[in-house]
Each structure stands twice: as structure tokens, then as C-alpha cells.
Amino acid sequence: MSTLPNPLGGERRFYAWRGWQVAYVVRGHGDPLVFIHSIHAAAWSAEWRQNVPALAEQHTCYAIDLLGFGASDRPPIHYTATLYLDLIHDFLRDVVGEPSLLVGSSLGATYAVAIADTHPELVRAVVAVGPAGVSRLVNYGGGAGTVVQGLFRTPVVGKALFGALVSRASIRFFLKDIYAFGLDRTAEELYWLSANQPNSRYAPSAFVGMRLNHDIRAAVGRLQCPLVIAWGTEASQTPYREAKTVLAAAPSAEFMPFNAGDLPHEEAPLDFNIAITAFADRLAATV
């Protein structure tokens, strides 16, 4: 089992899925909120450490570490978007067990939208933070993606490349790009710890090889449940101007801009938590 800390509080549990252990944190009581983290070399559920403690005062919060990330097992398999969609679907069915409000970031938001589209019985609403799959990360990787992914999976060169990618200096550089108003040193340490666990390179190699991309251009506009699009006005990885493209594909969505970079839930947590609480209250009032 992973020795990673639990910065979300609550209880870390494990979901046995297809022979692997998938970590998640559960905290609080009330209608369920399920958090799906973004995907990058150092990604994991620590991304929600500013949100789960506050939102757990009124909700049962579940924050999953996708297979290959965080405290979950990291088997040397070939990861795909379909694998993660299957995992999220089964987690909602087997662990949460009732329709939930999904809160996802970047590709995590993409997967949340896709699940809401294909399995509406599991989802009450979606909050999508800077979702991919509409203006970017749409196409599945071709031959070039196979080469890149294969390179990162090699035992010598791959380890060296990934080691450089997840060095403290590299992670600091990445965070300085996605945080608009100053680097969070706690985040730097948490992301470095996760990225330097054994077998960390296999899931991110699928990301750089474009195997985790997923097209939701049609799905985002036909959801049967309420949809919120949240975006940082100072975002660099998913620039704010791309929100227009996403909103054009989902004209009925509610839009929540935040004065922040790519992770408004981390950089402007007070505003984000207030907005999500108000949205969840409106959702509950419609039942």
C-alpha cells in the first residue's frame, strides 16, 4: 500500500477493482459529491485538499485516486480513457451507490461529463473545471503517440525521462505555470511525493501518448442533468478564451469564472466552495 499522506482528512479506503486496489477518501455526511482529479505526471486527489474539508460539512465527499495515481495501485498496464471511464462508472455504482454530483478537473471533468452522458442514472449534476475533450485533448493518439508512450515505458530511458519530468525543479516549473498568483509550496511537496512513488511513469506515459484523450463535443451539449462549467480567468494550460468554445457546445450550462489559474478550486478555494455549495443547495431544492 502507498505511504502517501492524506491531506483531505476523513478516511482513506480502498476499492478492489479488477484485481487492483483503488484508493479514495471519504469524509462527511449528506448528499454525495464525487471528486475526480486532473491528469498530469504528478496528479492525485490532493488537488481537492482545499475543498473536501469545507464541503464535507454538508455532503459525503468521495475523492478518488485514479488507477496509476496517488495512493492507488500503479500496475504497468496500458492505460486508456476507456479504462478510466469503466473505473469511474463502477466506483459510482459499487462504492457511492446513489446519484451523485460529480466535480472534475481537466480530463477528470471530461470523464465526469462522459459518465453523465452514458449513465445518467448515476449522476445528479456535473461541475466541470476547465474540461478537456472539446477545445483540446479530443483525439486519440496515433503512431506518434505510440512511440512517445513506448519511450516512457522503457526500463532505462523511460525511467530517466520520467525522473527528469518529476524532479522538484520540473514540478516547481509546472506549478508556477498553472498557479496565477504564486506557487503553493504545500502543493509542490504533495505533487512531488505522488510523482515519485514506484511505477509512477506508466499512467502519465499514456497521457503524453494521447491515450487518455476523450471527445465529449457532442456529449457536453446533450446532458440530461445540470452542468456547471468553471474556469480560471488566468488559466494557462487551458486558456480562459477556450471557455467560449466549451460553452458554445453546451449552451444550457451555467458558467462560473474565478480569478485564478488552471486550478481555481486550489487557488480560490473560498469562492469555489461557496459557489459549489450554492449550486448543490439549488440542486437539492429541485428534488
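Residues numbered from 1 in each chain as written. Predicted model: local features only at pLDDT ≥ 70, side-chain atom pairs only at ≥ 80, totals over all residues. Heavy atoms only, no water.

S.K.: Can you tell me about the environment of Phe162, naming the residues and giving the values?
M.R.: As for its placement among the helices and strands, Phe162 is situated in helix H5 (residues 157-165). Sequence separation of Phe162 and Arg201 is 39 residues, and the distance between their C-alpha atoms is 6.3 Å. (Helix = DSSP H or I, 4+ residues; strand = E, 2+ residues; numbered from the N terminus.)

S.K.: Could you give an account of a nonpolar patch on the surface, naming the residues involved and the relevant values?
M.R.: Among the surface-exposed residues, Leu151, Val157 and Leu161 lie close enough to one another that they form a single nonpolar patch of about 230 Å² accessible area. Locating Leu151 in the fold gives a position in helix H4 (residues 143-153). (Patch = residues over 30% accessible without salt bridge, like charges linked within 9 Å, V, L, I, M, F, W, Y side chains within 5 Å. Areas by Shrake-Rupley, 256 points an atom, 1.4 Å probe, with all protein chains shown as cover. Salt bridge = Lys/Arg side-chain N within 4 Å of Asp/Glu carboxyl O.)

S.K.: Could you give an account of the pairing of strand S1 (residues 11-17), with specific residues and numbers?
M.R.: Summarising the sheet, S1 and strand S2 (residues 20-27) pair through 7 bridges and their orientation is antiparallel. Bridged to Ala16 within S2 is Gln21. Linkage of S1 to S2, two consecutive antiparallel strands, is achieved through a turn of 2 residues, within which Arg18 is found at a positive phi near 55 degrees. (Pairing = 2+ DSSP bridges.)

S.K.: An account of the sheet that holds S2 is requested, with residue identities and associated values reported.
M.R.: Overall, mixed pairing links the 8 strands, which are arranged S1-S2-S4-S3-S5-S6-S7-S8 in an open sheet. Every interior strand has two partners, whereas the edge strands, S1 and strand S8 (254-258), have only one. Neighbour-to-neighbour, the strand axes of the sheet open up by a mean angle of 25 degrees, direction not taken into account. Set on the sheet, helix H3 (residues 107-118) makes contact with strand S3 (31-36), strand S5 (100-105), strand S6 (123-129) and strand S7 (227-232); between it and S6 the angle comes to about 155 degrees. (Axes fitted to C-alpha atoms, helices over the stretch in contact; angles between N-to-C directions. Contact = heavy atoms within 4.5 Å.)

S.K.: Describe the nonpolar core, naming the residues involved and giving the relevant values.
M.R.: Among the nonpolar cores identified, the biggest contains 56 residues, and Tyr84, Val126 and Leu227 are the most heavily contacted of them. It is helix H2 (residues 81-96) that provides the largest number of residues to this core, a total of 9 residues. Those residues in contact with Leu227 that sit more than four places away from it in its chain are Val113, Val126, Ala128, Val220, Ala250, Ala253 and Glu254. Grouped together as the second largest cluster of nonpolar side chains are 25 residues, Val25, Val52, Ala63 and Phe272 included. (Core = buried A, V, L, I, M, F, W, Y, C linked by side-chain atoms within 4.5 Å. Buried < 20%, exposed > 50% of the residue type's maximum accessible area, 1.4 Å probe, protein only.)

S.K.: Go over the packing of aromatic side chains, please, and point to the residues and values.
M.R.: In this structure the tally under the stated criterion is 10 aromatic pairs. Judged by centre distance (6.0 Å) and plane angle (70 degrees), the rings of Tyr15 and Phe91 are edge-to-face. With Tyr15 in strand S1 and Phe91 in helix H2, the pair connects residues that are 76 residues apart, well separated along the chain. Residues Tyr62 and Phe91 carry aromatic rings whose centres are separated by 6.3 Å and whose planes lie at 85 degrees to one another, so their mutual orientation is edge-to-face. With Tyr62 in strand S4 (residues 59-64) and Phe91 in helix H2, the pair connects residues that are 29 residues apart, well separated along the chain. Each member of the pair, Tyr62 together with Phe91, is buried. A cation over an aromatic ring shows up here: Arg168 above the ring of Trp192, its NZ or CZ 3.9 Å from the ring centre. (Phe/Tyr/Trp six-rings, centres within 6.5 Å; stacked < 30°, edge-to-face > 60°. Lys NZ or Arg CZ within 6 Å of the ring centre and 35° of its normal.)

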